Amino acid sequence: MNITLICIGKTDEKPLEELIQKYEKRLPIHWNFQRMEIPDIKNRKNLSESQQKEKEAELIFSKLNNSDYVILLDERGKQLSSSAFAGELQSLMNQSVKQIAFVIGGPYGFSDEVYKRANRKLSLSEMTFTHQMIRLFLTEQIYRAFAILQGKPYHHE
């Protein structure tokens, strides 16, 4: 299985980047995890919210394949426990899903076209976090899911 994390903008806070890399390195090689950071849109301040979302959509779609199972990180998404999240990943593996693409959008979320393309929406919390923090939290949860599925002591019930 391949897992891709597609994000708008760079992780520019060094401590967060180091922590993200820590969990990326812990992920199993056979999950083929990669992070794709799409540069912020130039002249963003001159664009309306909907124009920004449309431009970001074009960039997101350029990174997706037709067969990708797309999960948007979205405040209106479903919240799962770590064990349930691990179960969802296992279910996708059992269905022979070859590519999962997690997508973290820009400051205004996603365009309607991106929502239509998504297979599901996931929320990590009702609280608001920076998009850079969400990268860390999601990467850690992907690693935690792996640990749960392997029966490793990283997660305690």
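None of these values were measured; they are calculated from a predicted model.

**Let's talk about the overall build of the chain**
- Looking only at helices and strands, the chain features five helices and five strands.
- In the chain, the order of α-helices and β-strands from amino to carboxyl end is β-α-β-α-β-α-β-α-β-α.
- For the chain, whose C-alpha radius of gyration is 15 Å, the value lies close to the compact-globule estimate of 15 Å for 157 residues.
- With respect to the principal axes defined by its C-alpha atoms, the chain has extents near 50 × 35 × 30 Å.
- Relative to its 157 residues, the chain shows a buried fraction of 45%.
- For the chain, the share of sequence-separated contacts (at least 6 apart) that also reach a separation of at least 24 residues comes to 83%.
- Summing over all exposed atoms, the chain offers an accessible surface of approximately 9000 Å²; the carbon and sulfur share of this is 48%.
- Of the charged side chains in the chain, 22 are positive and 20 negative, and the gap between their average positions amounts to 4 Å.

**Section: the packing of helix H3 (residues 82-94) against helix H5 (residues 131-150)**
- Contact pair H3 / H5: the axes reach a minimum separation of 9 Å and the direction vectors enclose 75°. Classed by the angle they form, the pair H3 and H5 counts as roughly perpendicular. On the side of H3, the interface is formed by Ser-82, Ser-83, Phe-85, Ala-86, Leu-89, Gln-90 and Met-93, while H5 contributes Leu-138, Gln-141, Ile-142, Arg-144, Ala-145, Ile-148 and Leu-149.
- When the residues that make up the contact of H3 with H5 are grouped by side-chain class, the tally is nine nonpolar, four polar and one charged.

**Quick notes on the environment of Ser-82**
- Tracing the backbone shows Ser-82 in helix H3.
- What makes Ser-82 buried here is its relative accessible area of 16%.
- Between the alpha carbons of Ser-82 and Gln-95 there is a distance of 20 Å; along the sequence they are 13 residues apart.
- Side chain to side chain, Ser-82 and Gln-141 meet in a polar contact 2.7 Å long.

**Regarding a nonpolar patch on the surface**
- Side chains of Leu-124, Met-133 and Phe-137 sit close together on the surface and give an oily, nonpolar patch of about 210 Å² of accessible area.
- Within the fold, Leu-124 resides in the loop between strand E5 (120-122) and H5.
- Residue Leu-124 is classed as partly exposed on the basis of its relative accessible area, which comes to 33%.

**As for the side chain of Gln-132**
- By secondary structure assignment, the location of Gln-132 is in helix H5.
- Gln-132 gets classed as buried once you look at its relative accessible area, which sits at 15%.
- If sequence neighbours within four positions are ignored, Gln-132 has contacts with Lys-10, Thr-11, Asp-12, Glu-13, Leu-16 and Ile-20.

**Focus: the pattern of salt bridges**
- For the structure shown, the criterion picks out ten salt bridges.
- With a shortest N-O distance of 3.3 Å, Asp-40 and Arg-44 are connected by a salt bridge.
- The salt bridge involving Glu-88 is made with Arg-120; its shortest N-O contact spans 2.5 Å. Here Glu-88 is found in helix H3, whereas its partner Arg-120 is found in strand E5, with 32 residues between them in sequence.
- One salt-bridge network, in which partners are shared between bridges, spans Glu-17, Glu-24, Arg-35, Glu-37 and Arg-135.

**What about the packing of aromatic side chains?**
- Counted under the stated rule, the structure contains six aromatic pairs.
- Plain terms: the ring middles of Trp-31 and Phe-146 are 5.6 Å apart, the flat faces sit at 75° to each other, and that makes the pair edge-to-face. Residue Trp-31 is located in the loop between helix H1 (14-26) and strand E2 (33-38), and its partner Phe-146 is located in helix H5; the two are separated by 115 residues in the primary sequence.
- Residue Trp-31 is classed as buried on the basis of its relative accessible area, which comes to 3%.
- Plain terms: the ring middles of Phe-129 and Phe-137 are 5.1 Å apart, the flat faces sit at 85° to each other, and that makes the pair edge-to-face.
- Classification of Phe-129 by relative accessible area gives partly exposed; the value is 28%.
- In this structure Phe-137 comes out as partly exposed when scored by relative accessible area, which is 31%.
- Aromatic rings pair up to connect Tyr-23, Trp-31, Tyr-143 and Phe-146 into one cluster.

Cut-off values and rules
- Residues numbered from 1 in each chain as written.
- Predicted model: local features only at pLDDT ≥ 70, side-chain atom pairs only at ≥ 80, totals over all residues.
- Heavy atoms only, no water.
- Helix = DSSP H or I, 4+ residues; strand = E, 2+ residues; numbered from the N terminus.
- Rg over C-alpha atoms; globule rule 2.2 N^0.38 Å.
- Buried < 20%, exposed > 50% of the residue type's maximum accessible area, 1.4 Å probe, protein only.
- Contact = heavy atoms within 4.5 Å.
- Areas by Shrake-Rupley, 256 points an atom, 1.4 Å probe, with all protein chains shown as cover.
- Lys, Arg positive; Asp, Glu negative; His and termini not counted.
- Charge placed at Lys NZ, Arg CZ, Asp CG, Glu CD.
- Axes fitted to C-alpha atoms, helices over the stretch in contact; angles between N-to-C directions.
- Parallel < 35°, antiparallel > 145°, perpendicular 65-115°, else oblique.
- Nonpolar A, V, L, I, M, F, W, Y, C, P; charged D, E, K, R; others polar.
- Polar contact = N/O pair within 3.5 Å; in protein donor to acceptor, adjacent residues only side chain to side chain.
- Patch = residues over 30% accessible without salt bridge, like charges linked within 9 Å, V, L, I, M, F, W, Y side chains within 5 Å.
- Salt bridge = Lys/Arg side-chain N within 4 Å of Asp/Glu carboxyl O.
- Phe/Tyr/Trp six-rings, centres within 6.5 Å; stacked < 30°, edge-to-face > 60°.

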